[in-house]
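Given next are the chains, with one letter for each unit.
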Amino acid sequence: MNVSHLECSLTGKTYPPNELYNLSEAGKPLLVRYDLENASRTLTREVLRTRVASLWRYREVLPVVHDENIVTLGEGWTPLIPARRIGQQLGLSGLFIKDESLNPTGAFKARGLCLAVSMAKELGVKKVAIPSAGNAAGAMAAYAARAGIEAHIFMPRDSPAANRIECIEMGAHVTLIDGLITDCGAEVARRKDAEGWFDLSTLKEPYRIEGKKTMGYELAEQFDWDLPDVILYPTGGGTGLIGMWKAFDEMERMGWIGKQRPKMITVQAAGCAPIVRAFDEGRNEAPEFENAHTVASGLRVPRAIGDFIMLDILRSSGGGAIAVTDEEMIAAAREIGAAEGIFCAPEGSACLPALRKLIAQGRINADDRVVIFNTGAGIKYLEAFGL
Ligand SMILES: *Cc1c(COP(=O)(O)O)cnc(C)c1O
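All of these numbers come straight from a predicted model, not from anything done at the bench.

Observations concerning the site of the ligand
So, step 1. The environment of the ligand is formed by 17 residues, the closest being K109, Y233, G236, G238 and T375.
So, step 2. Within the backbone of G240, an N or O atom sits 3.1 Å from an oxygen atom of the ligand.
So, step 3. If the ligand stood free it would expose 390 Å²; the protein chains cover 98% of that surface.
So, step 4. According to the grid-proximity analysis, the pocket containing the ligand is the largest pocket.
So, step 5. The residue inventory of the shell around the ligand, partitioned by class, reads four nonpolar, ten polar and three charged.

Structure representation (structure tokens):
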């Protein structure tokens, strides 16, 4: 609504708002820039107390121009839950779970796809397509159905049954592919022009980041404008990591927070850890991870187009990148479930063994406020839990 322009994340080249975009001319993600001075005339920390309990409370820093194009199912404004038992076991006084499983379709993908589909509607798109190994597909199917837009989904054949079934029941056209999400992406790229599909792949359109950035706004608000010290974030394509970092920057420019930033920690699966490997090797780019495999379908992203942005965030925040095995994730899901009453997706539970490793390395202080993101609902991964 206050969008001033879009900007290439690599070259800084600017693009006018209110047009359909995928990548920049340099083949990199586009970032949405706002007139924050204008936004902050009506959007203030105080006024938020009166706002709707969804991510639309941050209306002025979201890109949809006309309210009638907003496609909403109640996404965002998820609870920040103190994890007292696990915190105590780990010797931490402030451990919190940001529980994203309460979003529509049971995962935080709803935030990004809500904005992407709303903008697609605003810009006149009739058909959307996505390669997805799981929750992005379900979220796109839901928002496309609600918008009256035709949805085409390309999924690896071994994606969780819940994701496959939810897409079909929400009226999407689902094609199963023998391969990885990168193979699904290639299929969308090959057919989209002939079919008239708009590609909603992670970071290949500018607005999923805008939806996911609201996690950063919410954390600031829920911590009373004093950001936590450490954030552990299960990372696939990296939209959430990039989005939260962008939100912190926007809030600082509006005078809501200071310069202090949390240490950002990427958590990946040992079977697919391109960002961890690139971080450890000191690289600025993350080459494709060979033979990617993990039950955490959201982390099965062997090559991320926003790799250079993520690596920069991890380093400039003083954070890091940690890999955990599937066995560790599954064991941690039961641990968190039994101690805190939250049945985490394996992606979310991966944060607990990662946190243990950080503590063992002496990188967490006992009084740090630590947030782990439960990005999805365990109930959507019954195969991983032994069905
Ligand atoms: C997609 C997904 C992730 C990874 O999110 P990105 O923002 O793409 O890095 C993590 N957890 C779950 C449950 C997901 O569906």
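Points about the sheet that holds strand β6 (residues 127-131)
So, step 1. Pairing is parallel across the open sheet formed by four strands, whose spatial order is β8-β7-β6-β9. Edge positions in the open sheet fall to β8 (173-177) and β9 (198-199), since each of these has one partner strand only.
So, step 2. In this sheet, β9 lies alongside β6 in parallel orientation, the contact comprising two bridges. Bridge pairing links A129 to D199 in β9.
So, step 3. On the sheet, helix α4 (residues 135-147) packs against β6 and β7 (150-156) and is oriented at approximately 170° with respect to β7.

What to know about unusual backbone geometry
So, step 1. One non-glycine residue, W77, lies in the positive phi region at around 50°.
So, step 2. With respect to the helices and strands, the residue W77 is situated in the loop between α1 (36-42) and β4 (80-82).
So, step 3. A relative accessible area of 27% means that W77 is categorised as partly exposed.
So, step 4. The phi dihedral of L203 is positive, around 65°, even though this residue is not glycine.

Things to note about helix α6 (residues 181-195)
So, step 1. Along its 15 residues, α6 runs 20 Å from first to last C-alpha, staying within 8% of the 21 Å computed at 1.5 Å per residue.
So, step 2. The principal kink in α6, of about 25°, is found at A189.
So, step 3. Every buried residue belonging to α6 is among I181, C184, G185, E187, V188 and K192, and all of these are buried.
So, step 4. One or two positions beyond α6, positive phi appears at G196, with a value near 75°.

Considering the pattern of salt bridges
So, step 1. Following the criterion strictly, the structure yields 28 salt bridges and no others.
So, step 2. The partner of E166 in a salt bridge is K380, and the shortest N-O contact between them spans 2.7 Å. Placement of E166 in helix α5 (residues 161-169) and of K380 in the segment after β13 (369-374) is noted, with a sequence separation of 214 residues between them.
So, step 3. Given a relative accessible area of 14%, E166 falls into the buried group.
So, step 4. A relative accessible area of 8% means that K380 is categorised as buried.
So, step 5. Between R369 and D229 there is a salt bridge, and its shortest N-O distance comes to 3.5 Å. Note that R369 is positioned in strand β13 and D229 in the loop between α8 (214-222) and β10 (230-234), a separation of 140 residues in sequence.
So, step 6. We classify R369 as partly exposed; its relative accessible area is 21%.

Observations regarding the pairing of β8
So, step 1. By the bridge criterion, five bridges tie β7 to β8 in an arrangement that is parallel. Paired with I153 across the bridge in β8 is V174.
So, step 2. At this point the chain moves from β7, through α5, to the parallel β8, and the crossover so formed is right-handed.

Cut-offs applied
Residues numbered from 1 in each chain as written. Predicted model: local features only at pLDDT ≥ 70, side-chain atom pairs only at ≥ 80, totals over all residues. Heavy atoms only, no water. Near = heavy atom within 4 Å. Polar contact = N/O pair within 3.5 Å; in protein donor to acceptor, adjacent residues only side chain to side chain. Areas by Shrake-Rupley, 256 points an atom, 1.4 Å probe, with all protein chains shown as cover. 1 Å grid on protein atoms, 1.4 Å probe; cavity = no way out; pocket = protein on both sides within 12 Å on 5 of 7 lines; lining within 4 Å. Sits in = over half its atoms within 2 Å of the grid points. Nonpolar A, V, L, I, M, F, W, Y, C, P; charged D, E, K, R; others polar. Pairing = 2+ DSSP bridges. Helix = DSSP H or I, 4+ residues; strand = E, 2+ residues; numbered from the N terminus. Contact = heavy atoms within 4.5 Å. Axes fitted to C-alpha atoms, helices over the stretch in contact; angles between N-to-C directions. Buried < 20%, exposed > 50% of the residue type's maximum accessible area, 1.4 Å probe, protein only. Expected span 1.5 Å × (residues − 1). Bend = angle between axes of the 7 residues up to and from the residue. Salt bridge = Lys/Arg side-chain N within 4 Å of Asp/Glu carboxyl O. Right-handed = clockwise from strand over helix to strand, strands pointing away.

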